[in-house]
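# Structural features, examined
Below are the chains, spelled out letter by letter.
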Amino acid sequence: MARTDERFREAFNEALDLCKTMAAGDQLPSENDLAKRLDVSRTVVRAILEKLQDAKIITWVGRQKQLLRTPKDKDRLEVQSGQISEQQLERQFLDWILRFDVAPGTALNVAKLRRQFSVTPQMLHEFLASLSRFGLVRRRPKGGWELLGFTREFAVELSEFRMILELNAVSHLVRLPPEDPIWARLDDLERKHRALAAEIDERFHDFSLLDEEFHTLIGSAVHNRFAAEFQKIVSLIFHYHFQWDKTHERQRNEAAIGEHLRLIAALKARDAAAAQAAMTDHLTTSKQTLLSSLRVHAPA
């Protein structure tokens, strides 16, 4: 699909989203206003209006553009842009903000972000709305979005909530029956940790991905949609903090591997108290590493 056709389809779907916020009989904005909202030319706006009229969603006579009916899902156009997945968007956006390329309080240019991450307006809107629940972004009173930033206070609150989530996950995991597939996956992770520890001098950079895999597995012991949503964002943020501060990275990662192995041993022994203690110690260390990385990358 050509890029121009792809952009038309995206803008048409944006126009449908706008129409969904209106009631039958309402007037659509002017062509100039639509061009600004949709970030396209007036020529593209006219093509969109024609298609809306053909679908009997609006009537269009001169400057009068009246909504006839609320659009339905079947009115949307398929967009085959090779766009990134939701998980890729999360990673790329977090990588962008967590490296302090953007100052807290910055207004987010949604049109620019959409092009930067190659996503549809709807996907970006839903993603920003999900981040707003964590206090990373917020809606501006007059429209649009604002980055609140990744502050020390945010890091402390995130670490405290992570402690609640993962200690709860540990308590669930130790009670799982021997036939549960999570134990085989835990054995596999133990082998990966020991292999990395044996080659730590050459492969210490590989730990951040292993850390993410490890904590994701622990979190999977809890079948709770709310916990899963928060666990995902928490894991991503802590995954990135290993990449910020390179000071003593090898020693820090080697120590974390030891903490993971201590926790794995307690879990396999079904020792709930030892597992809780191991997780508490590990997350306390992780919190200090996160706060240290914030100091290293704090704006001058």
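Look above for the structure.
To start, this report covers the structure provided alongside it. (Residues numbered from 1 in each chain as written. Predicted model: local features only at pLDDT ≥ 70, side-chain atom pairs only at ≥ 80, totals over all residues. Heavy atoms only, no water.)

## Digging into the sheet that holds strand β4 (residues 137-139)
Pairing between the strands of a sheet is mediated by backbone hydrogen bonds and can be parallel or antiparallel. The condition is simple: Note on pairing: DSSP must find at least two bridges between two strands before they are called paired. The secondary structure listing takes helices from DSSP runs of H or I that are at least 4 residues long and strands from runs of E that are at least 2 residues long, numbered from the N terminus.
If you trace the 3 strands from one edge of the open sheet to the other, you get β3-β5-β4, paired in antiparallel fashion. Strands with a single pairing partner mark the edges of an open sheet, and in this sheet they are β3 (107-108) and β4.

## Brief notes about the nonpolar core
Heads up, the rule is: Working definition of a nonpolar core: buried Ala, Val, Leu, Ile, Met, Phe, Trp, Tyr and Cys residues. They are joined through side-chain atoms within 4.5 Å. Exposure classes here rest on a 1.4 Å probe applied to the protein chains alone. A residue is buried below 20% of its type maximum, exposed above 50%, and partly exposed in between. Pairs of residues are marked as contacts when any of their non-hydrogen atoms sit within 4.5 Å.
With 61 residues, the main nonpolar core has Phe93, Leu108, Phe117, Leu173, Ile218 and Leu267 as its most contacted residues. For this core, the leading source of residues is helix α7 (residues 152-173), giving 9 residues. When neighbours within four sequence positions are excluded, Phe117 is seen to be in contact with Ile84, Leu89, Gln92, Phe93 and Trp96. Of all hydrophobic cores here, the second largest spans 22 residues; its members include Ala11, Leu49, Leu52 and Ile57.

## Description of the packing of aromatic side chains
The description of an aromatic ring pair uses the distance of the two centres, along with the angle that the planes make with each other. Selection rule: The aromatic pairing rule takes the rings of Phe, Tyr and Trp, using the six-membered ring of Trp, and pairs them if the centres are within 6.5 Å, calling planes under 30 degrees apart stacked, those over 60 edge-to-face and the rest tilted.
Going through the model one piece at a time under the given rule, you end up with 3 aromatic pairs. With 5.2 Å between their ring centres and 80° between their planes, Phe93 and Phe127 make a pair best called edge-to-face. One end of the pair, Phe93, is in helix α4 (residues 86-98); the other, Phe127, is in helix α6 (residues 121-132), with 34 residues separating them in the sequence. An identical accessibility class is assigned to Phe93 and Phe127; each is buried. A connected cluster of aromatic rings, assembled from ring pairs, spans Phe93, Phe117 and Phe127.

## Observations concerning the pairing of strand β2 (residues 64-67)
By the alternation rule, side chains of β2 split into Lys65 and Leu67, which are all buried, and Gln64 and Gln66, of which none is buried. Looking at chain direction, strand β1 (residues 58-61) and β2 are connected through 4 bridges and run antiparallel. Following the sheet pairing, Val61 is matched in β2 by Gln64. Linkage of β1 to β2, two consecutive antiparallel strands, is achieved through a turn of 2 residues, within which Gly62 is found at a positive phi near 65°.

## Quick look at the pattern of salt bridges
Selection criterion: Any carboxyl oxygen of Asp or Glu within 4 Å of a side-chain nitrogen of Lys or Arg constitutes a salt bridge here.
In this structure the tally under the stated criterion is 21 salt bridges. Asp17 is the salt-bridge partner of Arg76, the closest N and O atoms lying 2.8 Å from each other. Of this pair, Arg76 sits in the loop between β2 and α4 while Asp17 sits in helix α1 (residues 3-20), placing them 59 residues apart in sequence. Put simply, Asp201 and Arg250 hold a salt bridge, and the shortest N to O gap is 2.5 Å. Residue Asp201 is found in helix α9 (residues 200-203), and its partner Arg250 is found in helix α12 (residues 249-268); the two are separated by 49 residues along the sequence. Through salt bridges that share partners, Glu14, Asp39, Arg114 and Arg115 make up one connected network.

## Observations regarding the packing of helix α2 (residues 31-38) against helix α3 (residues 42-54)
Rules: Structural elements are reduced to axes, namely lines fitted to C-alpha atoms, with helices fitted over the stretch in contact, and the angle between N-to-C directions of any two is expressed from 0 to 180 degrees. Should an angle lie under 35 degrees it is considered roughly parallel, over 145 roughly antiparallel, and from 65 to 115 roughly perpendicular; all remaining angles are considered oblique.
Put simply, α2 and α3 touch, their axes get as near as 9 Å, and they point 100° apart. Between α2 and α3, the angle is such that the two are roughly perpendicular. Facing α2, whose interface residues are Glu31, Asn32, Leu34, Ala35 and Leu38, α3 presents Arg42, Val45, Arg46, Ile48 and Leu49.

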